[in-house]
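Here is how the chains run, residue by residue.
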Amino acid sequence: MAEPIPDPPASPPTPGPARQPGPAAPAGQCDPGDRAGEPGPAAPAGHSGRSDPAARAGRASRVGWRAELGRLAEVAGLVGLVVTQPLLDVLGRSPDFFLFHRAGRREILLLVALVALVPTAALALLGALSRLAGHAARSATHTLLVGLLLAALAVQVGRHGTPLRGVPLLLLAAVAGAAGAAAHRRWRAPGRALRLAAAGPLLFVGLFVFVSPTSTVVLPRSEGGAAGVAGPGNHPPVVVLVLDELPLVSLLGPDGRIDAARFPHFAELAGGSTWYRNATGVSGWTPYALPAMLTGRYPQRAVAPHYSQHPDNLFTAFGGLYDVRAEESITRLCPPSRCEQPVAPEQGMGVLVRQAGGLLRQLTAPVDSRVDPEDSYREPTAEEAGIDAAEPVPADPKFRWDSLDDNQPARFTSFLAGLRPAARPTLHFLHLLMPHSPWAYLPSGARYDAPEDLPNDGAGWVELARGRHLAQLGYTDRLIGQTLRTLRSTGLYDQALLVVTADHGVSFTPGAQGRGMDAIRTAPAEVAWVPTFVKTPGQRAGRVDDRNWQHVDLLPTIADEAAIRLPWPVDGRSARQAPRTEAGKVFYDRPGQPTPVAGGVPAPLPPPAPHPLVGTAVGDRPAGGTAEVADLAAYDAVDPDTGRLPAAVWGDVPDEVPDGTLLAIAVNGRIGAVVPVVPRDAGGRRFAALLADDRLFHAGANRLAVYRVTGDNTLLRLTLT
């Protein structure tokens, strides 16, 4: 970059002859002071050509400020491309992020202002401070900032446009940044382009506020919605529990029935309701799936899961006749005129800024990362929300600690507390983010901590992810049991229409993990098919219905059973009607783009086979190497009454230990897991395990041990560091 006009000297220069014009700058090269503005005005007629010192100082000051404004515009343009645009793009397409955190217009606009202004202001302040060291330092600092921002931009462009990842991509970005900084210093055009780009942040903010799907949350346009018409017949209490990210195949035993040994309460539910075994969700993404379930319409537009975009839904249809008690999570389909939702997760600017910062780190990382804000949603516990638990701890030997009920999700606790008979028909609705990731619960209800960046795909990691999912599903089964007990104890069970289902599943198939199109094409049975149970009032015996159920059928079925006539056309059909004749199904990865899905009731997946060593006692074993284990101190003072256990174990082993080597993880002399050594992940980990049986632990000091398993199942103790 060209040198700016220097600050005026502290004392007037010595008078001398008028300055003769110097040689012109080479063609294409930036003339010093060009970016600061036009050259100073010519001396007035009759003037000797010698400037008054004060006038010269004033002109230099004005030119200096224009130079600073030019630099500020260049930084603002680059920050807009590196930070503002990618972050507002993701958040603009993720209104559920703000709905989950119950952010209102003020919080959203404040976050947008922080995203658009704070990074630019911080870099501008850094540049201004460098001016104290002189114009050369100021110029060098600005060139460095331009180079770094260009390199950050090159990382994002390179990740989308090249196969490079990690260190190679960083090296390419560094070269691009250095070349861009050199071009910016030498020629006018790059600086002018960056100054024009300074208008970008205003454009990005405008698109976010007025055009993006999140604009509906910022500027709700209507509350509309037609009330249903009460038909002849009984209007029973309606209880709807929607779980999240639960594949039907996770519940199945080898015989194709609900695995009653692992999930006794789901089996109990199936034994007293109609199990629609061939039920499929509509989309793998909750902001599309849940509105389809509650409006009876396939998703056609990428809009917010908000009442102003889906005015005709379950809540508006029932709101004229029923009291509505709705606990939503990442949707807001129930308008304020129909219901209040007092229980909220962690909210406020602090959590919004932290979560936005996490998204930005993913967006700017030199590695692949599917940015899905939903992955960060975690149900707050009753203790965190400051509410009393609704149920006592079950008298089950697995639930050994009185404080475990505090771990119960706050929304679920509030939902249970509302399950009471009422004079007026009542709709009880809960969308619970269980067993959805992040996985943090053992089947007993105890919580554990694990790194957020543990891989979900790849050898060893897929198996761990599925094991953690099944552990959290075991805890979800406990919540189903509490729901059934509460309904029976209050007398609502026989009276109520009870619906338990999930919005979508998730694939744990290697190479196709998740809920996107790769997973749909490779493992539709895991993503599309979901458990769906409907218990009608007075129903006692369970039955199985294998009709082609699609989740647009949910609302028409509930309305029919509750004798409510829907005042708008729907794509689904009630279970009281004749089943569909066609076998095909459709799934929407994107609204308006149905993907045909073939198949019927899915076959059960092979259950995870525990290693024969799991559960066995371990005595003294010979030493056989070393291993690094994270957070060893957590085992020194375990306090089960906190409801937390150090059940996740991860670490590293030396490079000479080959991939595929089995490691046995033991606590207090008993093996709780056997896992393979895998290639080192981005976090430097070569193994990770979940100790799902909390009976391995006791209060106080616990003894963790890691053993290398040889080919004949001989154990060699590893020294832990």
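The structure we're discussing is the one just above.
The structure contained in this document is the topic of the report that follows. Only a predicted model underlies this, so the values are computations on that prediction, with no experimental measurement involved. (Residues numbered from 1 in each chain as written. Predicted model: local features only at pLDDT ≥ 70, side-chain atom pairs only at ≥ 80, totals over all residues. Heavy atoms only, no water.)

## Thoughts on the packing of aromatic side chains
Line of reasoning, step 1. Under the definition given, this model contains ten aromatic pairs.
Line of reasoning, step 2. Geometrically, the ring pair formed by Tyr276 and Trp549 is tilted, given 4.6 Å between the ring centres and 35 degrees between the ring planes. Taken together, the positions of Tyr276 in strand β3 (residues 274–276) and Trp549 in strand β10 (residues 549–550) put the pair 273 residues apart, joining distant regions of the chain. With respect to burial, Tyr276 and Trp549 carry one shared label: buried.
Line of reasoning, step 3. Of the aromatic side chains, those joined through ring pairs into one cluster are Phe97, Phe98 and Phe208.
Line of reasoning, step 4. The ring of Trp275 carries the charged tip of Arg277 above its face, separated from the ring centre by 5.8 Å. (Phe/Tyr/Trp six-rings, centres within 6.5 Å; stacked < 30°, edge-to-face > 60°. Helix = DSSP H or I, 4+ residues; strand = E, 2+ residues; numbered from the N terminus. Buried < 20%, exposed > 50% of the residue type's maximum accessible area, 1.4 Å probe, protein only. Lys NZ or Arg CZ within 6 Å of the ring centre and 35° of its normal.)

## What about the sheet that holds strand β6 (residues 426–431)?
Line of reasoning, step 1. With mixed pairing, the seven strands of this open sheet are ordered in space as β5-β6-β2-β7-β8-β3-β9. On the outer flanks of this sheet lie β5 (323–327) and β9 (543–545), each paired with one strand and no other. When strand polarity is set aside, the average angle formed by the axes of neighbouring strands in this sheet is 15 degrees.
Line of reasoning, step 2. Looking at chain direction, β3 and β9 are connected through three bridges and run parallel. For Tyr276, the partnering residue across the bridge sits in β9 and is Asp545.
Line of reasoning, step 3. Relative to the sheet, helix α15 (residues 461–490) contacts β2 (238–243) and β7 (497–502), its axis offset from that of β2 by approximately 175 degrees. (Pairing = 2+ DSSP bridges. Axes fitted to C-alpha atoms, helices over the stretch in contact; angles between N-to-C directions. Contact = heavy atoms within 4.5 Å.)

## Describing unusual backbone geometry
Line of reasoning, step 1. Looking along the chain, the bond that leaves Met434 and enters Pro435 is cis, with omega of -5 degrees.
Line of reasoning, step 2. Looking at the element boundaries, Pro435 is found in the loop between β6 and α15.
Line of reasoning, step 3. A cis amide bond links Ser437 with the next residue in sequence, Pro438, at an omega value of 5 degrees.
Line of reasoning, step 4. Along the chain, Pro438 falls in the loop between β6 and α15.
Line of reasoning, step 5. Even without glycine at this site, Glu245 takes up a positive phi of about 60 degrees.
Line of reasoning, step 6. Here Glu245 is to be found in the loop between β2 and α9 (264–270).

## Description of the sheet that holds strand β20 (residues 715–720)
Line of reasoning, step 1. In space, the seven strands of this open sheet follow the order β17-β16-β19-β20-β14-β15-β18, with mixed pairing throughout. Each of the sheet's edge strands pairs with one partner strand only, and the pair in question is β17 (670–676) and β18 (687–690). Ignoring which end each strand starts from, the neighbouring axes of this sheet average 35 degrees apart.
Line of reasoning, step 2. Pairing geometry for strand β16 (residues 662–667) and strand β19 (residues 704–709), over six bridges, is antiparallel. Following the sheet pairing, Ile665 is matched in β19 by Val706.

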